[in-house]
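The chain contents come next:
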Amino acid sequence: MKNGCHIPPQGSPTAPAPRAADYSFSNGLLESLHAPATHGSAGSHWEHFSAKQMKNDQIGAVFGQLADLLEIQEANPFRVRAYRNASRTISSTAESFATLVAEGGDLTAFKGIGKDLAKQIEQIVTTGDHEQLAELKEEIPPGVVSMLRIPGVGPKKVATFFNTLGLTTLDELKAAAEAGELAALKGFGKKTEQGILDNIDQAAAAAERISIADARQAAEAVVEDLLQLDSVTQAAVAGSCRRRRETCGDLDVLATSSDADAAMDCLAQHSLVQEVLQRGSTKQRVRLKSGVEMDLRVVPDESYGAAMQYFTGSKEHNVVVRQRAKDLGLKVNEYGVFRGEEQIAGATEEDVYEVLELPWIPPELRENRLEFSLAEAGDLPALVELKDIKGDLHMHTTASDGAATILEMAEAAKARGLKYIAITDHSKRVSMANGLDAERLRVHWEEIREVREQIKGIEVLCGIECDILEDATMDLPDDVLEEADWVVAVLHYGLQQPREQIMKRLLTAIKNPHVNIIGHPTGRMVGKREGADIDMTEMLKAAADYGVMMEINAHYKRLDLDDIHAAAAKDLGIPIVISTDAHSVNGYDVLTYGVDQARRAGLTKADVANTKTWAQFRKLLNK
Ligand code: DGT
Ligand code: CA
Ligand code: CA
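Residues numbered from 1 in each chain as written. Chains lettered and ligands numbered in written order. Predicted model: local features only at pLDDT ≥ 70, side-chain atom pairs only at ≥ 80, totals over all residues. Heavy atoms only, no water.

Enquirer: An account of the overall build of the protein chain is requested, with residue identities and associated values reported.
Expert: Scanning the protein chain for helices and strands turns up 24 helices and 17 strands. For the protein chain, with 623 residues in total, the buried portion stands at 57%. Sequence separation of at least 24 residues holds for 71% of the intrachain contacts in the protein chain that already meet a minimum separation of 6. As presented, the protein chain carries roughly 25,400 Å² of accessible surface, and 50% of it is formed by carbon and sulfur atoms. (Helix = DSSP H or I, 4+ residues; strand = E, 2+ residues; numbered from the N terminus. Buried < 20%, exposed > 50% of the residue type's maximum accessible area, 1.4 Å probe, protein only. Contact = heavy atoms within 4.5 Å. Areas by Shrake-Rupley, 256 points an atom, 1.4 Å probe, with all protein chains shown as cover.)

Below is the structure:
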């Protein structure tokens, strides 16, 4: 076993509470397997989210919501489709629409954007709002919109529930399903009704949790604006968002300021904020327009570290911290660490941990797993960082369901400092994504080789995302896979199959001499869909035996492997690759979430194969 942060597998006594099926995003409107939304604009630093300018994906989300709400109102399908197309175009465009608007550029040059849509984009960018969307939100109760969160339920079904049955909340929908009223509807059946009953509680419980991407975007935007104030000396994100959990229940922000009122006014007036829920002398709670709530706490400088430590949590981590203080005859709270009346630490987190005789512990590890024993032994891992990543080995182009060409993807990767990428379009089974058969694939690989010749300073691999079919055979024959530089094997279909068959499929792939890696191994969608029923121990053991790597799919809707299983893979010495699964040049932006997941797993640079130089990495290609 390698030295490092071993995290116990799920189900062990110290593992956290159930984590797979209990969340969803507040913004569940743009959910789609093959059209991931992206965050941040190309050219900006990956970690940088600005409050100053609207991002393309935010503008795109407005049109996505418009399309959903109009469809619920049974509006003209052409209009609905136009908004949906606009949403996709905008979200997958590298060039910033906000910048174009500011510079008076011609928006109608983009496919699917006419004069009318261009005007609406201008409105969104300049006012941060959309008049018609605001009206629709008045007309359609939020409970109706939340029905979209139920897996398998889209705007068309919601329209029927709302318009035909007059259902306005998840509770009413559940009652109607229990009474058999849904199965009686035209175009519905017992199966649909049962599916809704099976999933509705998850959707209801999940109501408030948002993805780490949405959480970071909002929280970081607020922090950035607070830091602009002269009176604010320090400000930062705390809570689960700082710990980089997959989802966040609410957002926590801390600031130090000579003028708490100014900081709270700044938040109250922030463009992301809907309303102030509570305001005291040092604490304010607001609801954002997205529905998620945020706590702002303004603390004195001498308490900043203690408050950061306290409000970063987790609660479980803090229980141990408090006990430790007690054992040392100290008292710790959000104001500082005290011996009797005397404050002995609190200005910085480092000080707080130091007086507790501990090194500073990275927030991603603060879940009361093994961080305290590692810290005591001086064995805290040096966690992998975004800047360590040198390659991206899972992405799509226009050959299947991506929005950019091979050359565009390669150039964008190079511009971000990557040294090698693998183009991994879909195999033929994924017909909805225009998957490639052997013949098309060979032509596609020829094009990749041409790009490889053409572009200097980055290696471009001929790859494939090859489906592992329901009958446990590969979607492409061995002689084709053999020609690939890089084969990502994945489960897309039949995720509900019994464990035995799922394992048969995975083992087929792992034993295939041409398969390099299992991509998004479980197939779960965070808060939306549970993954396949996998015997993780068996799969990882086989992967270790056969020299197959494991992916952390960096998309914030996947984050698959999760932290626990990535840690288990590390312990078996399995190289882990953090890949973006980019479907456009903006798709690379999600890399940061994958790195965060790896950090939560306790992975170091050495554990992540795509931190290697190309010369080192290529040696891993021969199994
Ligand atoms: P979330 O919002 O559900 O995603 O998770 P957190 O961890 O952000 O939890 P939240 O917002 O309730 O509280 C933020 C941090 O504040 C939490 O991680 C630890 C600290 N905290 C909050 N309430 C308590 C408490 O009752 N006891 C202790 N020890 N710490 C607390
Ligand atoms: Ca929180
Ligand atoms: Ca909170």
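Now that the structure is up, let's keep going.
Enquirer: Before we move on, can you summarise the nonpolar core with the specific residues and values?
Expert: Within the largest apolar cluster, 104 residues are counted, with the highest numbers of intra-cluster contacts made by Leu 251, Ile 421, Ile 464, Leu 506, Ile 518, Met 539 and Ile 578. Counting residues per element, this core draws most heavily on helix α10 (residues 212-228), which supplies eight residues. When sequence neighbours within four positions are dropped, the list of residues in contact with Leu 251 reads Ile 210, Ala 215, Ala 218, Ala 219, Cys 241, Leu 288, Val 292, Glu 293, Met 294 and Asp 295. Counting residues in each nonpolar core, the second largest holds 44 residues, with Leu 133, Val 158, Ala 177 and Phe 188 among its members. (Core = buried A, V, L, I, M, F, W, Y, C linked by side-chain atoms within 4.5 Å.)

Enquirer: Can you tell me about the coordination of the calcium ion (ligand 3), naming the residues and giving the values?
Expert: Around the calcium ion (ligand 3), the protein contributes the donor atoms Asp 250 (OD), Asp 250 (OD), Asp 252 (OD) and Asp 295 (OD), which lie 2.3 to 2.8 Å from the metal centre. Taken in sequence order, the residues that donate to the calcium ion (ligand 3) follow the motif D-x1-D-x42-D. A relative accessible area of 11% places Asp 252 in the buried class. (Donors = N, O, S within 2.8 Å, 3.2 Å for Na, K, Ca; no water.)

Enquirer: With reference to specific residues and values, describe the pairing of strand β17 (residues 576-579).
Expert: Burial along β17 is two-sided: Ile 576 and Ile 578 and Val 577 and Ser 579, pointing in opposite directions, are all buried. Pairing analysis gives four bridges linking strand β16 (residues 549-553) to β17, with the strands arranged parallel. In the sheet register, Ile 552 faces β17, and the bridge partner there is Ile 578. Read as a crossover between parallel neighbours, the route from β16 over helix α22 (residues 563-571) to β17 is right-handed. (Pairing = 2+ DSSP bridges. Right-handed = clockwise from strand over helix to strand, strands pointing away.)

Enquirer: So, the sheet that holds strand β10 (residues 342-345): which residues are in play, and what are the values?
Expert: If you trace the three strands from one edge of the open sheet to the other, you get β8-β9-β10, paired in antiparallel fashion. Single-partner strands in this sheet number two, and they are β8 (331-333) and β10. Pairwise comparison of adjacent strand axes, ignoring direction, gives a mean angle of 35° for this sheet. Bridge count between strand β9 (residues 336-339) and β10: three bridges; the pairing is antiparallel. Paired with Arg 339 across the bridge in β10 is Glu 342. (Axes fitted to C-alpha atoms, helices over the stretch in contact; angles between N-to-C directions.)

Enquirer: Requested: an account of a negative patch on the surface, with residues and values cited.
Expert: On the surface, a cluster of negative charge is made up of Glu 131, Glu 135, Glu 138 and Glu 139. Looking at where Glu 135 falls in the secondary structure, it is placed in helix α5 (residues 131-139). With a relative accessible area of 42%, Glu 135 lands in the partly exposed category. (Patch = residues over 30% accessible without salt bridge, like charges linked within 9 Å, V, L, I, M, F, W, Y side chains within 5 Å. Salt bridge = Lys/Arg side-chain N within 4 Å of Asp/Glu carboxyl O. Lys, Arg positive; Asp, Glu negative; His and termini not counted. Charge placed at Lys NZ, Arg CZ, Asp CG, Glu CD.)

Enquirer: Outline the coordination of the calcium ion (ligand 2), supporting the account with residue identities and numerical values.
Expert: Around the calcium ion (ligand 2), the protein contributes the donor atoms Asp 250 (O), Asp 250 (OD) and Asp 252 (OD), at 2.2 to 2.7 Å from the metal centre. Coordination geometry of the calcium ion (ligand 2): the six donor atoms subtend angles of 71 to 169° at the metal centre, consistent with an arrangement described as irregular. A gap of 3.7 Å separates the calcium ion (ligand 2) and the calcium ion (ligand 3), which Asp 250 links by coordinating each metal. (Tetrahedral: all angles 85-135°; square planar, octahedral: opposite > 155°, others 65-115°.)

Enquirer: How would you sum up the site of ligand 1? Please name residues and give values.
Expert: Around ligand 1, the structure places 16 residues, and the nearest of them are Ser 240, Arg 243, Gly 249, Asp 250 and Arg 322. Separating an oxygen atom of ligand 1 from a side-chain N or O atom of Ser 240 is a distance of 2.6 Å. Arg 322 is positioned with one of its side-chain polar atoms (N or O) 2.7 Å from a nitrogen atom of ligand 1. In isolation ligand 1 has 590 Å² of accessible area, and contact with the protein removes 73% of it. A breakdown of the residues in the shell around ligand 1 according to their chemical character gives three nonpolar, seven polar and six charged. (Near = heavy atom within 4 Å. Polar contact = N/O pair within 3.5 Å; in protein donor to acceptor, adjacent residues only side chain to side chain. Nonpolar A, V, L, I, M, F, W, Y, C, P; charged D, E, K, R; others polar.)

Enquirer: Which residues make up the packing of aromatic side chains, and what values do they have?
Expert: Following the criterion strictly, the structure yields nine aromatic pairs and no others. Three or more aromatic residues joined by ring pairs make a cluster, and in this case those are Tyr 420, Trp 486, Trp 614 and Phe 617. A cation over an aromatic ring shows up here: Arg 429 above the ring of Tyr 493, its NZ or CZ 3.7 Å from the ring centre. (Phe/Tyr/Trp six-rings, centres within 6.5 Å; stacked < 30°, edge-to-face > 60°. Lys NZ or Arg CZ within 6 Å of the ring centre and 35° of its normal.)

Enquirer: How would you summarise the pattern of salt bridges if you had to cite specific residues and measurements?
Expert: Per the stated rule, a full pass over the model turns up 40 salt bridges. Between Arg 416 and Asp 589 there is a salt bridge, with the nearest N and O atoms lying 2.8 Å from each other. You can see Arg 416 sitting in the loop between α17 (406-415) and β12 (420-423) and its partner Asp 589 sitting in the loop between β17 and α23 (591-600), a full 173 residues away along the chain. Residue classification places Asp 589 among the buried residues on the basis of a relative accessible area of 3%. Between Arg 558 and Asp 581 there is a salt bridge; the shortest N-O distance is 4.0 Å. Of this pair, Arg 558 sits in the loop between β16 and α22 while Asp 581 sits in the loop between β17 and α23; the two residues are 23 residues apart in sequence, bridging distant segments of the chain.

Enquirer: Could you give an account of the sheet that holds β12, with specific residues and numbers?
Expert: With parallel pairing, seven strands are arranged side by side in an open sheet as β11-β12-β13-β14-β15-β16-β17. Only two strands of the sheet have a single neighbouring strand rather than two, namely β11 (391-392) and β17. Contacts from α17 reach β12 and β13 (459-467) within the one sheet, and its direction differs from that of β12 by about 155°.

Enquirer: So what's going on with helix α7 (residues 155-164)? Which residues, and what values?
Expert: Among all positions of α7, only Pro 155, Val 158, Ala 159, Thr 160, Phe 161 and Phe 162 are buried. Phi turns positive one or two residues past the end of α7, at Gly 166, with a value near 70°.

Enquirer: Break down the packing of helix α1 (residues 56-72) against α7 for me, with residues and values.
Expert: Two quantities define a packed helix pair, namely the angle between the axes and the distance from one axis to the other. Two numbers describe how α1 lies on α7: the axes approach to 8 Å, and their chain directions differ by 45°. Considering the angle they form, α1 stands oblique to α7. Classified by chirality, the crossing of α7 by α1 is right-handed. The segment α1 lies against α7, with Asp 68, Glu 71 and Ile 72 engaging Pro 155, Lys 156, Val 158, Ala 159, Phe 162 and Asn 163. (Parallel < 35°, antiparallel > 145°, perpendicular 65-115°, else oblique. Left-handed = near helix turned anticlockwise from the far one by under 90°.)

Enquirer: Hey, could you go over the environment of Gly 313 for me, with residue numbers and the actual values?
Expert: Its place among the elements puts Gly 313 in the loop between α13 (304-312) and α14 (315-327). Considering only alpha carbons, one finds Gly 313 and Glu 367, 54 residues apart in sequence, at a separation of 7.8 Å. When sequence neighbours within four positions are dropped, the list of residues in contact with Gly 313 reads Arg 243, Asn 318 and Arg 366.

Enquirer: An account of the environment of Lys 390 is requested, with residue identities and associated values reported.
Expert: Summarising the element assignment, Lys 390 is placed in the loop between α16 (371-376) and β11. By relative accessible area, Lys 390 is classed as partly exposed at 23%. Separated by 28 residues in sequence, Lys 390 and Leu 418 place their C-alpha atoms 4.9 Å apart. Non-local contacts of Lys 390, meaning those with residues more than four positions away in its chain, are made with Leu 418, Lys 419, Tyr 420, Lys 605, Asn 610, Thr 611, Lys 612 and Thr 613. There is a polar contact of 2.8 Å between the side chain of Lys 390 and the backbone oxygen of Thr 611.

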